[in-house]
Amino acid sequence: MDPVSYLEANQERFLAELDAFLRIPSVSSDSRHAADVKRAADWLADEFRRLGADRVEIYPTPGHPVVYAEQHAGDHLPTILVYGHYDVQPPDPLDLWDSPPFEPVIKATPLHPQGAIFARGSCDDKGQVYMHVKAFEMLKQQGPLPCNVKFLVEGEEEVGSTNLEGFVKQYRDMLRAGVVLISDTSLLSIDTPSITVGLRGLAYLEVTVTGPSRDLHSGVYGGAVDNPINVLCQMIASLKDAQGRVAIPGFYDRVVNLSEAERAELARRPHDEAAYCESIGIRQTGGEAGYSTPERTSIRPTLDVNGMWGGYTGEGAKTVLPSKASAKISMRLVPDQHPDEITRLFTEHFLRLAPPTVSVTVTPHHGGNAAVVSTETPAYRAAALAMEDTFGKRPIPTREGGSIPIVALFQRELGLDPVLMGFGLDSDAIHSPNEHYGVLNYLKGIETIERFHHHFAALHGA
Ligand code: BES
Ligand code: MN
Ligand code: MN
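What about the overall build of the chain?
A count of helices and strands for the chain gives 12 helices and 20 strands. Taking 462 residues into account, the globule formula puts the C-alpha radius of gyration at 23 Å, and the chain, at 24 Å, falls close to it. Considered along the principal axes of its C-alpha atoms, the chain spans approximately 80 × 50 × 45 Å. Counting only residues that meet the buried cut, the chain has 53% of its 462 residues in that class. Counted over contacts in the chain with a minimum sequence separation of 6, partners at least 24 positions apart contribute 78%. By element, 51% of the accessible surface of the chain is carried by carbon and sulfur atoms, the whole surface being about 20,300 Å². Computing the positive centroid from 41 side-chain charges and the negative centroid from 60, the chain places the two 3 Å apart.

Structure representation (structure tokens):
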């Protein structure tokens, strides 16, 4: 059957199977869900077995398991390594979901008139991983595969891919391929196809300011004892100047600045500032002076507080001068900033900022390098051709603000520039309540991936 008819004949089942996958709450950060994460790995491995893959393995790691599957079609054929993740972000805050996060429902929205699947992981990344599984099914029913295919689907992406680095190094030979194909990013819109050619890196840490050895009466002691929350606020506020630039010495030293020509090229991507503000309920954007919104969210580094706590936050008023205050802080990085170096610069600066009335600790969490991939590879060309087939338009190369730390590792360890062909939309609310994924995005994704395999095969040896 030709791919379009096959997709039409099977789309209900493709949606029903994804529904089952999304019902497994594979929240990697929460140890209470460890068994669910394993269940999602088993479910996916079973699916590969059902489809008749040559080899299916679940590799345990010190954390969550890696699912690996492969189908060999010929030594002379090129190999596609598909990477994705089956773990998801925690669904909290639960009360902001219109329907339970692990009970998928399909509803129409203004941006998804044909319906979107509302569930945690629908877009990031189970829905996008499953497009590759269904494209594999479609290719298999056509006869011999046009390319060899390998699948590497991990369960720790949302917690920093801690064990994947070791895995990739250990199994470098098994993972050998002509391209790494990843669907874990966004399209500019459903009728403006794009391929992601850059991702930001990340340095994430937690800080704690400690003052008195216990919470104090704010009347008895207030005025004479420095308040850790006030101190923390002042320290954090000083981390950015009035121009919105990060005030940590050395922070920008390695930042690769784009030429005016490169910036002009980026500015060709459509951006509607008013619609952008409207979609997230703000009156106007804010950020580093001299840069546009698309630039601020892609080619420039950032510093943001992700959460902050301390003192009394319960009902009513409690007059207390807290003993401690903490915050989680992330910095999005761009080439060639190094997460370890940025973490060191932050730590040195932050400790210097501390007044002698308190003590300060900085604890690093995970990090990752930014990545920029080439558009001059056969794999990128195959992706552009595949998108042109299914969207009727040539895709625009874009740089995105999110991070997939393993991309830089693939570049380093496998010597490959991954192709980031994602089908989500920025408005799909990944990591937020009411995450969703367009039914059309899902189906078009399957169709485009199928085309990719054919184009990649055709370009090989061409
Ligand atoms: N799929 C996202 C990254 C992403 C989203 C890239 C949208 C481009 C567009 C990924 O699952 C993710 O959330 N990554 C984390 C980093 C990780 C180290 C926790 C992120 O970007 O916060
Ligand atoms: Mn993801
Ligand atoms: Mn994510």
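So, the packing of aromatic side chains
Scanning all chains against the criterion turns up 16 aromatic pairs. Ring centres of tryptophan 43 and tyrosine 130 lie 5.6 Å apart, and the angle between their planes is 50°; this geometry places the pair in the tilted category. In this pair, tryptophan 43 sits in helix H2 (residues 34–50) while tyrosine 130 sits in helix H3 (residues 126–142), placing the two residues 87 residues apart along the sequence. Classification of tyrosine 130 as buried rests on a relative accessible area of 0%. Ring centres of tyrosine 437 and tyrosine 442 lie 6.5 Å apart, and the angle between their planes is 70°; this geometry places the pair in the edge-to-face category. Note on tyrosine 442: relative accessible area 0%, which makes it buried. These aromatic residues form a ring-pair network of at least three members: Tyr59, Tyr68, Phe167 and Tyr171. The ring of phenylalanine 21 carries lysine 126 above its face, with NZ or CZ at 5.2 Å from the centroid.

Structural notes on the packing of helix H1 (residues 3–22) against H2
H2 packs onto H1 with a crossing angle of 150° between their chain directions and a minimal axis gap of 10 Å. Comparing their axes, H2 and H1 come out roughly antiparallel. Counted together, Arg13, Glu17, Ala20 and Phe21 of H1 and Ala40, Trp43, Leu44, Glu47 and Arg50 of H2 form the full contact between these two elements. Here the contact of H1 with H2 is built from residues that sort into five nonpolar, no polar and four charged.

Some thoughts on the side chain of arginine 200
Counting through the fold element by element, arginine 200 comes out in the loop between strand S9 (194–199) and strand S10 (201–210). Among buried Asp, Glu, Lys and Arg side chains, arginine 200 stands out as unpaired, with aspartate 304 the closest opposite charge at 7.0 Å. A polar side-chain atom of arginine 200 sits 2.7 Å from the main-chain carbonyl oxygen of arginine 300.

Here we look at the side chain of aspartate 87
Along the chain, aspartate 87 falls in the loop between strand S3 (79–85) and strand S4 (105–107). Lysine 126 provides the closest opposite charge to the buried, unpaired aspartate 87, separated from it by 9.1 Å. There is a polar contact of 2.7 Å between the side chain of aspartate 87 and the side chain of serine 28. There is a polar contact of 3.0 Å between the side chain of aspartate 87 and the side chain of histidine 85.

A closer look at the coordination of the manganese ion (ligand 2)
Protein coordination at the manganese ion (ligand 2): the donors are His85 (NE2), Asp124 (OD), Asp184 (OD) and Asp184 (OD), at 2.0 to 2.4 Å from the metal. Because the angles between the six donor atoms bound to the manganese ion (ligand 2) fall within 57 to 165°, the donor set is best described as irregular. Written as a sequence motif, the donor residues of the manganese ion (ligand 2) are H-x38-D-x59-D. A spacing of 3.6 Å is found between the manganese ion (ligand 2) and the manganese ion (ligand 3), which share aspartate 124 as a donor. Taken together, the positions of histidine 85 in strand S3 and aspartate 184 in the loop between strand S7 (179–182) and strand S8 (186–187) put the pair 99 residues apart, joining distant regions of the chain. In this structure, histidine 85 and aspartate 184 share a single accessibility class: buried.

Parameters at a glance
Residues numbered from 1 in each chain as written. Chains lettered and ligands numbered in written order. Predicted model: local features only at pLDDT ≥ 70, side-chain atom pairs only at ≥ 80, totals over all residues. Heavy atoms only, no water. Helix = DSSP H or I, 4+ residues; strand = E, 2+ residues; numbered from the N terminus. Rg over C-alpha atoms; globule rule 2.2 N^0.38 Å. Buried < 20%, exposed > 50% of the residue type's maximum accessible area, 1.4 Å probe, protein only. Contact = heavy atoms within 4.5 Å. Areas by Shrake-Rupley, 256 points an atom, 1.4 Å probe, with all protein chains shown as cover. Lys, Arg positive; Asp, Glu negative; His and termini not counted. Charge placed at Lys NZ, Arg CZ, Asp CG, Glu CD. Phe/Tyr/Trp six-rings, centres within 6.5 Å; stacked < 30°, edge-to-face > 60°. Lys NZ or Arg CZ within 6 Å of the ring centre and 35° of its normal. Axes fitted to C-alpha atoms, helices over the stretch in contact; angles between N-to-C directions. Parallel < 35°, antiparallel > 145°, perpendicular 65-115°, else oblique. Nonpolar A, V, L, I, M, F, W, Y, C, P; charged D, E, K, R; others polar. Salt bridge = Lys/Arg side-chain N within 4 Å of Asp/Glu carboxyl O. Polar contact = N/O pair within 3.5 Å; in protein donor to acceptor, adjacent residues only side chain to side chain. Donors = N, O, S within 2.8 Å, 3.2 Å for Na, K, Ca; no water. Tetrahedral: all angles 85-135°; square planar, octahedral: opposite > 155°, others 65-115°.

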